[in-house]
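One letter stands for each residue in the lines below.
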Amino acid sequence: MKIVVAADPFAVDLKKAIVEHLTKKGHELIDVGSSADKAIPYYEGAQAAAKILQKGEAARGILLCGTGMGMSVVANRFDGVRAAVVESVFAARMCRAINEANVLCLGAMIWGNWMACEAVDVFLQTELADGLEDLREFLQEAAKTVEAIKGN
């Protein structure tokens, strides 16, 4: 799967662990965030990642900052981006199964490397209504309805 990743300076170490993990699993990554050599603020990394998703150049996004919240706030300003901040592996699964999120936002102040990689795996493997088959029809309709909502 092609995945766009970005981190702000607070989350460079977490991004490194996730990038290594995903690379070993054969995913193709587009990195638009901070590194040891350059500092990119969360609001720039999230914008760059969201634009890549909008163009269809990546299927999913993984955005990392101190709490995950800043990245989520910015990414969700872009049409077609559904970014979810999660603080558990269960929430990473549910943001896909219930809300069909296409961007996972994690906070380096909250997650350890091993658990973050578990959350990423679950996020990438889960599809809408996985484990919630009795709600599939409702969740499919809800996803369409939410996608059509435009703020003023």
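One structure accompanies this document, and this report is about it. These figures come from a predicted structure and were not determined experimentally. (Residues numbered from 1 in each chain as written. Predicted model: local features only at pLDDT ≥ 70, side-chain atom pairs only at ≥ 80, totals over all residues. Heavy atoms only, no water.)

Below, the discussion takes up the overall build of the protein chain. The number of helices and strands found in the protein chain is 6 helices and 5 strands. Taken over C-alpha atoms, the radius of gyration comes to 15 Å for the protein chain, in line with the 15 Å a tight globule of 152 residues would show. With the principal axes as the frame, the protein chain shows a C-alpha extent of 45 × 35 × 25 Å. Taken across its 152 residues, the protein chain has 45% of its residues classed as buried. Long-range contacts, defined here as pairs at least 24 residues apart, represent 67% of the contacts in the protein chain between residues at least 6 apart. (Helix = DSSP H or I, 4+ residues; strand = E, 2+ residues; numbered from the N terminus. Rg over C-alpha atoms; globule rule 2.2 N^0.38 Å. Buried < 20%, exposed > 50% of the residue type's maximum accessible area, 1.4 Å probe, protein only. Contact = heavy atoms within 4.5 Å.)

Its location among the elements puts Asp31 in strand E2 (residues 28-31). Of the polar contacts made by the side chain of Asp31, one reaches the backbone nitrogen of Gly33; its length is 2.9 Å. (Polar contact = N/O pair within 3.5 Å; in protein donor to acceptor, adjacent residues only side chain to side chain.)

With that settled, the discussion passes to the side chain of Arg96. Tracing the backbone through its elements, the reader meets Arg96 in helix H4 (residues 89-97). In this structure the side chain of Arg96 is engaged in a polar contact, spanning 3.1 Å, whose partner is the side chain of Glu127. Not counting the four nearest positions on each side in its chain, Arg96 is found in contact with Arg60, Ala101, Phe123, Thr126, Glu127 and Leu128.

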